[in-house]
Amino acid sequence: MHLMTRTPFLLVVASLATLAPLVAAIGATPEAVRGAAPGVQTTPSGGSMGGRNDTRGGRADLVIHGGPIYTMDSVRTWAEAVAIKGDRIVYVGSSRGAASWIVPDKTRVIDLQGRMLLPAFQDAHIHPISGGLSYSVGCAVYDLVTKEAYVHKVAECAQSRPPGAWVRGDGWALSAFAPTGIPDRKLLDAAVPDRPVYLESSDGHSAWVNTRALQLAGITRDTPDPAGGRIDRDPKTGEAVGSLQDSAMSLVSSRIPPYTRDERRDGLHYALRMLNRLGITSFQDASVGEEDLMTYRDLEEKDELTARVVASLWWERAQGMEQIPRFVDQRRRFTHGRLRATTVKIMQDGVMEVQTAALLKPYLGKGGQKGLTMIDPQTLKTVVTALDKEGFQVHFHAIGDAAIRECLDAVEAARRANGARDSRHHIAHLELFAPADISRFRALGVVANFQPLWAFADGYIKDLTLPFLEPERQRFIYPIRSLLASGAVVAFGSDWSVSSANPLEEIEVAVTRMGPAGETRTPFIPEERIDLRDALAAFTLNAAYVNFQDDRTGSIEAGKLADLVVLDHNLFAVPPGEISNVRVLLTLLGGKPVFGDWSLNAAPGAGAGP
Ligand SMILES: [Zn+2]
């Protein structure tokens, strides 16, 4: 079964009458016409080179030249030089053209010496505050791989906390507990018997707790599973084993004292430093509450928010439509400066590895289980229609083919009720597709928001996913190229701290479908590998589109904000398997360095990892 026909692309071109001659002339792929959803007038940002260039020149604050400049404009032009005045790009083009912007002693001139200039990266799905908190004040075990190592680290963390205090942390991998993905409280009890331990999995969908934590939460064998969650139990005794799925996690986490305002600010600072170091200057926070919004505002007011942020307001499944006036109020109160609270996040299923992702057909060998549908599909339609009517963008979490279909159905219902508007609803994660749903993304103007770092055959895929799916369904795991070929807008995000926030690691996997650190040597579903330029677009211009800021960021074009990144190598000149070795040397936000300095020397510790 092969999805790559020419038909979808021809349809794309035909529906864009005005762009068709240009697209035909340059032989562009669908990426060049991204952003124009059917029935919605969106202008692909930018245009031909120099369209808005002021060629008369003037006094620029900064001119960058001397290396390959990939502009990411709509025809993917290369340039020789960029001039910047204040926070804006005023000229993109030849070195000669940029010369008229240089005023001696007034204009800083940076010679790239062959290094590459790109639009800064944007992450379409990330959790900066919770991730930053777990590294700055929590017990983070992300970088460890075995259960023994987790337990050792937790014991260490426990010693550094006051007696009796909770030990909270996250980052363990379900694959360390293969084949079930379910950990046991006794391992933690042996290391920390006297104080409660709460440790979330790296994907945030499971918690590993010790006996003390279960006691404090009052969980016994008689405690029923909450809606949308599961208390994992010993099949013989019915006792909780110390593993909680999805909504069951809050039975314990709600007992933990919340982080203080100062701690939250420290967490966000930590994340911003890391993201800027990785070349990221914009992102969509995939889940915020009132306290997170206050944390962002605290930094925004002190001019310390070194990224443009779209916040996704978390839809509480235990509540109903009465949340919407609160969201409207939060949008009004918290949309200011670099912060916009204009999106609502809805989680529609769990994850594949513990069979909580909602599937159309049962998991193989799991007694007919089809996963968890978080919101009944009829209710989902009502909710999404109401949010759409209020002008919110909806950011869905959907992993299984049933959940993806339910989200698409909900958007379809909203469009039927409200008419097509420039809504840019997007579905994140998108692990397993029913092939028939692939073309619906473009048809409904829904952005496919992938986390490409997951698209290689690691333990999650090999041991915890493939064994439970029929071979013919396995072909449709993370079908990124098929989505591109269908003409959908494809954007990328990291889901940090679930997995690395380094866009270059993620881009490498999108291009190779192999592990970025050599974990695998065979591409996983090689038909779904994509071109480097499509992968870069997904992390720049298309992520900007998701954040409704492709008119001012995401590409290097005159008139746009100077959010830029200098890399130590030209990505198009390194072998695909070495993309993740490339380092960020300088990150500019509105023309000002937020990482690195004008010398373009790699700072110590630059690159991957926090
Ligand atoms: Zn997420």
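This text follows the structure it describes.
Basis of the calculations
- Residues numbered from 1 in each chain as written.
- Predicted model: local features only at pLDDT ≥ 70, side-chain atom pairs only at ≥ 80, totals over all residues.
- Heavy atoms only, no water.
- Helix = DSSP H or I, 4+ residues; strand = E, 2+ residues; numbered from the N terminus.
- Rg over C-alpha atoms; globule rule 2.2 N^0.38 Å.
- Buried < 20%, exposed > 50% of the residue type's maximum accessible area, 1.4 Å probe, protein only.
- Contact = heavy atoms within 4.5 Å.
- Areas by Shrake-Rupley, 256 points an atom, 1.4 Å probe, with all protein chains shown as cover.
- Lys, Arg positive; Asp, Glu negative; His and termini not counted.
- Charge placed at Lys NZ, Arg CZ, Asp CG, Glu CD.
- Disulfide = S-S within 2.5 Å.
- Core = buried A, V, L, I, M, F, W, Y, C linked by side-chain atoms within 4.5 Å.
- Donors = N, O, S within 2.8 Å, 3.2 Å for Na, K, Ca; no water.
- Pairing = 2+ DSSP bridges.
- Right-handed = clockwise from strand over helix to strand, strands pointing away.
- Axes fitted to C-alpha atoms, helices over the stretch in contact; angles between N-to-C directions.
- Parallel < 35°, antiparallel > 145°, perpendicular 65-115°, else oblique.
- Left-handed = near helix turned anticlockwise from the far one by under 90°.
- Nonpolar A, V, L, I, M, F, W, Y, C, P; charged D, E, K, R; others polar.

Caption draft 1: Region of interest: the overall build of the protein. When helices and strands are counted, the protein shows 20 helices and 22 strands. Here the C-alpha radius of gyration of the protein, 24 Å, is about what a compact globule of 610 residues would show, namely 25 Å. Projected onto its principal axes, the C-alpha positions of the protein cover 80 × 50 × 50 Å. Here the protein, with 610 residues, has 58% of them falling under the buried criterion. Sequence separation of at least 24 residues holds for 73% of the intrachain contacts in the protein that already meet a minimum separation of 6. Counting every atom, the protein has about 22700 Å² of accessible surface; 53% of that belongs to carbon and sulfur. Counting 65 positive and 71 negative side-chain charges, the protein places the averaged centre of each group 3 Å from the other.

Caption draft 2: Structural context of the state of the cysteines. Counting across every chain of the model gives 1 disulfide. A disulfide bridge connects Cys139 with Cys157, and the sulfur atoms are separated by 2.1 Å. Measuring handedness by torsion sign, the sulfur bridge of Cys139 and Cys157 sits at about 85° and is right-handed. Here Cys139 is found in strand 7 (residues 139-140), whereas its partner Cys157 is found in helix 5 (residues 147-159), with 18 residues between them in sequence. With relative accessibility at 8%, the residue Cys157 sits in the buried group.

Caption draft 3: Up close: the nonpolar core. With 136 residues, the main nonpolar core has Ile346, Leu387, Phe441, Phe450, Phe492 and Leu571 as its most contacted residues. Counting residues per element, this core draws most heavily on helix 13 (residues 401-418), at 8 residues. The residues touching Phe450, leaving out its near neighbours within four places in the chain, are His429, Leu430, Phe433, Tyr478, Pro479, Ile480, Leu483, Val490, Ala491, Phe492 and Gly493. One finds Ala79, Ile89, Ala562 and Leu588 within the second-largest nonpolar core, a separate group that totals 19 residues.

Caption draft 4: Seen up close, the coordination of the zinc ion. For the zinc ion, the full set of protein donor atoms is His125 (NE2), His127 (NE2) and Asp495 (OD), at a range of 2.1 Å. As a motif over one chain, the donors of the zinc ion read H-x1-H-x367-D. Of this pair, His125 sits in strand 6 (residues 121-126) while Asp495 is found in the loop between strand 19 (490-492) and helix 18 (503-512), placing the two residues 370 residues apart along the sequence.

Caption draft 5: Representation of the pairing of strand 8 (residues 167-172) within the structure. Within strand 8, 5 of the 6 residues are buried, leaving the element largely enclosed by the surrounding structure. Bridge analysis of strand 7 against strand 8 gives 2 bridges, and the strand direction is parallel. Looking at the pairing, Ala140 lines up with Asp170 of strand 8. Crossover connection from strand 7 via helix 5 to parallel strand 8: handedness right-handed. In terms of strand pairing, strand 8 meets strand 9 (residues 197-201) through 5 bridges, oriented parallel. Looking at strand 9, one finds that Gly169 is bridged to Leu199. Read from strand 8 through helix 6 (residues 185-191) to strand 9, the crossover connection turns out right-handed.

Caption draft 6: A look at helix 4 (residues 128-136). Among all positions in helix 4, only Pro128, Ile129, Gly131, Gly132, Leu133 and Ser134 are buried. On its buried face, helix 4 sits against strand 6, strand 7, strand 8, helix 9 (261-277), strand 13 (280-288) and helix 10 (290-301).

Caption draft 7: Broad picture of the sheet that holds strand 6. In space, the 8 strands of this open sheet follow the order 6-13-14-15-16-17-18-19, with parallel pairing throughout. Each edge of the open sheet carries a strand with a single partner, namely strand 6 and strand 19. Taking the axes of each pair of neighbouring strands and ignoring which way they run, one obtains an average angle of 25° across the sheet. One ladder, built from 3 bridges, connects strand 17 (residues 426-429) with strand 18 (residues 447-450); its direction is parallel. Bridge pairing links Ala428 to Asn449 in strand 18.

Caption draft 8: Broad picture of the sheet that holds strand 7. The mixed open sheet is built from 6 strands, whose spatial order is 7-8-9-10-12-11. Strands at the two margins of the open sheet, each flanked by one partner only, are strand 7 and strand 11 (229-233). Bridge count between strand 11 and strand 12 (residues 240-246): 4 bridges; the pairing is antiparallel. Among the inter-strand pairings, Gly229 is bridged to a residue of strand 12, identified as Asp246.

Caption draft 9: Quick peek at the packing of helix 12 (residues 377-389) against helix 13. The geometry of helix 12 relative to helix 13 is characterised by a closest axis approach of 8 Å and an angle of 50° between their N-to-C directions. Classified by the angle their axes make, helix 12 and helix 13 are oblique. With respect to the hand of their crossing, helix 12 and helix 13 are arranged in right-handed fashion. Residues Pro377, Leu380, Lys381, Val384, Thr385, Asp388 and Lys389 of helix 12 touch helix 13, and the partners they reach there are Glu406, Cys407, Asp409, Ala410, Val411, Ala413, Ala414, Ala417 and Asn418. Taken together, the residues of the contact of helix 12 with helix 13 sort by class into 9 nonpolar, 2 polar and 5 charged.

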